[in-house]
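Structure assessment
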Amino acid sequence: MRVKTLSLTQFRNYDQATITPGEGVTVFVGPNAQGKTNVLEALHLCCIGRSHRTSRDEELIRWGADAAKVHIETEQQDGTHEVTILLSRSQKKKKQVRIGSRSAERIGELMGHVCGVLFSPEDLQIVKSGPAERRRFIDMQLSQLHPAYFYALQRAQRALIQRNALLKEIAKRPSLAPTLDAWDEQLAAAGGDIARMRRHAVELLCETAEKTHASLTLGREALRLRYVSQVADAQDPAQALLARMRAARSEDLRRLTTTVGVHRDDILITIDDKDARTFASQGQQRSAVLALKLAQLDLAWKERGEAPVLMLDDVMSELDPSRRRQLLERIDRVQTFVTCTDISDLGGARHSAVYHVENGRLSL
Ligand SMILES: Nc1ncnc2c1ncn2[C@@H]1O[C@H](COP(=O)(O)OP(=O)(O)O)[C@@H](O)[C@H]1O
Ligand SMILES: [Mg+2]
């Protein structure tokens, strides 16, 4: 896949900017807080309909403006794809997606038109932080590749909110208890789909990440990923979830929260069989994240049959020269967007265009 043009209108600190990247590496260089990450954020928004750094869309609209627009045109094996995202403060529909000239009814229709993998320093949290960060990582990846996953996630999230609200309601009016059945079923059905896909994706990611990591560490360390879930090994995860949910009902009613479900899932990341979250050094954690991100790229590439675009936000300066080289070797055939504060951060890597970023303005 290749991005032909990306336009930002009233997006973050941009009034209006259009980027026409080449095939290879496009660089955005400039001091801090000028708008480099904002460009990648706009591209990320086109991939899955949300920012990678905030869940509040209104933050993306330029201060003082009422609406923002991001438009992208990509070239793929099956032709040209055009996506427009409109964000508004005042309109009833706060986020609108257009595919070509057609208004999408659901955000999920966006998935697959633009596919990208973003790597930023905050990704270290995938290894260092709690399970929520790792779920977010796998959710972003799977949503983008499979709209069905995105919809299952939406269903599960809604059912979970409803079920938790109902648990509190039942505390006041116990006669409502039987109405939990319907939510249990919905939550288990959506959760079953999610568990199946997460399990499969983690297996595939593990295979690739393990190999990449071995080459990053010259074969000295072994990285592994394992899907951790209450129903990780279940033949029929939906059935298993339902059974567990029923068994946990009295506990849920006591704790006023849903204790069973894929919202408790995790991915265990180990280096030489030790939990990387607690036992790995900062350097080891960095290698693990790099391996994970490259595996994410590979997996998206394989599943789609063409390369996604790669976004590297400020990561080059954090890698030592050998890892930087390994990264750049791998991305030879991938259209890449790189941000840095100094062009020397690229370590002499080939690039096709350099945009200087200054206070929401781009110049070649
Ligand atoms: N909604 C917004 N409207 C206008 N400016 C914004 C908005 N959100 C962030 N900014 C500005 O964008 C800049 C940060 O941009 P960013 O792309 O993160 O910088 P960097 O170049 O360091 O990656 C800051 O100057 C911030 O004040
Ligand atoms: Mg930045």
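Conventions we followed
- Residues numbered from 1 in each chain as written.
- Chains lettered and ligands numbered in written order.
- Predicted model: local features only at pLDDT ≥ 70, side-chain atom pairs only at ≥ 80, totals over all residues.
- Heavy atoms only, no water.
- Near = heavy atom within 4 Å.
- Polar contact = N/O pair within 3.5 Å; in protein donor to acceptor, adjacent residues only side chain to side chain.
- Areas by Shrake-Rupley, 256 points an atom, 1.4 Å probe, with all protein chains shown as cover.
- Nonpolar A, V, L, I, M, F, W, Y, C, P; charged D, E, K, R; others polar.
- Helix = DSSP H or I, 4+ residues; strand = E, 2+ residues; numbered from the N terminus.
- Buried < 20%, exposed > 50% of the residue type's maximum accessible area, 1.4 Å probe, protein only.
- Arc of directions from axis to C-beta.
- Contact = heavy atoms within 4.5 Å.
- Pairing = 2+ DSSP bridges.
- Axes fitted to C-alpha atoms, helices over the stretch in contact; angles between N-to-C directions.
- Core = buried A, V, L, I, M, F, W, Y, C linked by side-chain atoms within 4.5 Å.
- Domains from an automatic or database assignment.
- Salt bridge = Lys/Arg side-chain N within 4 Å of Asp/Glu carboxyl O.
- Buried area = accessible area lost by both parts, 1.4 Å probe.

Brief notes about the site of ligand 1
- In the region of ligand 1, 15 residues are neighbours, and Ala-33, Lys-36, Thr-37, Asn-38 and Ile-61 sit closest.
- In this structure, Ala-33 approaches ligand 1 through a main-chain N or O atom, which is 2.7 Å from an oxygen atom.
- Between ligand 1 and the protein, one listed contact pairs an oxygen atom with a backbone N or O atom of Gln-34 at 3.1 Å.
- Here ligand 1, which alone exposes 580 Å², has 80% of that area covered by the protein.
- The class makeup of the residues in the shell around ligand 1 is four nonpolar, six polar and five charged.

Examining unusual backbone geometry
- Notably, Gln-10 is not glycine yet its phi reads approximately 50°, a positive angle.
- Along the chain, Gln-10 turns up in the loop between strand S1 (2–9) and strand S2 (16–19).

Some words on helix H10 (residues 321–330)
- Every buried residue of H10 is listed here: Arg-323, Arg-324, Gln-326 and Leu-327. One face of H10 carries all of its buried residues, which in axial projection span an arc of 160°. More than 90 degrees from the buried face of H10, the exposed residues found are Pro-321, Arg-325 and Glu-329.
- The secondary structure elements touched by the buried residues of H10 are helix H5 (180–216), helix H9 (282–304) and strand S12 (309–313).

Thoughts on the sheet that holds strand S11 (residues 274–275)
- In spatial order, the strands read S9-S10-S11; together these three strands make up an open sheet with antiparallel pairing. The sheet is open, and its two edges are formed by strand S9 (223–228) and S11, each paired on a single side.
- The sheet contact formed by strand S10 (residues 266–271) and S11 spans two bridges and is antiparallel. Bridge assignment links Ile-271 to a residue of S11, and that residue is Lys-274.
- In this fold H5 packs onto S9 and S10, with an angle of close to 175° to the strand it touches most, S9.

Some details on the nonpolar core
- In this structure, Ile-138, Leu-225, Ile-269, Leu-312 and Leu-327 are the most contacted members of the largest nonpolar core, which totals 68 residues.
- At eleven residues, H5 tops the list of elements feeding residues into this core.
- In this structure, this core is formed jointly by two domains, domain 1 (1–115 + 308–364) and domain 2 (131–306), each of which donates at least three residues.
- Setting aside residues no more than four positions away along its own chain, Ile-138 makes contact with Tyr-149, Arg-198, Ala-201, Val-202, Leu-205 and Ile-267.
- Membership of the second largest hydrophobic core comes to 44 residues, among which are Leu-43, Leu-60, Val-70 and Ala-300.

Concerning the pattern of salt bridges
- One pass over the structure, following the stated rule, counts 24 salt bridges.
- A salt bridge links Asp-193 to Arg-155; its shortest N-O distance comes to 3.6 Å. Residue Asp-193 is found in helix H5, and its partner Arg-155 is found in helix H4 (residues 147–172); the two are separated by 38 residues along the sequence.
- The class for Asp-193 is partly exposed, based on a relative accessible area of 34%.
- A salt bridge links Asp-184 to Arg-163; the nearest nitrogen and oxygen atoms lie 2.6 Å apart.

Topic: the domain arrangement of the protein
- Partitioning the protein into domains gives domain 1 (1–115 + 308–364) and domain 2 (131–306).
- Each of domain 1 and domain 2 has a C-alpha centre, and the two are 27 Å apart.
- Counting residues at the interface gives 27 residues for domain 1 and 21 residues for domain 2.
- Taken together, the two surfaces of domain 1 and domain 2 that pack against each other cover about 2300 Å², and 57% of this comes from carbon and sulfur.
- Broken down residue by residue, the surface that domain 1 buries against domain 2 is led by Pro-308, Arg-323 and Arg-330, which jointly contribute 23%.
- Inspection of the region where domain 1 meets domain 2 yields one salt bridge.
- A salt bridge links Arg-286 to Glu-318, with the nearest nitrogen and oxygen atoms 3.6 Å apart.

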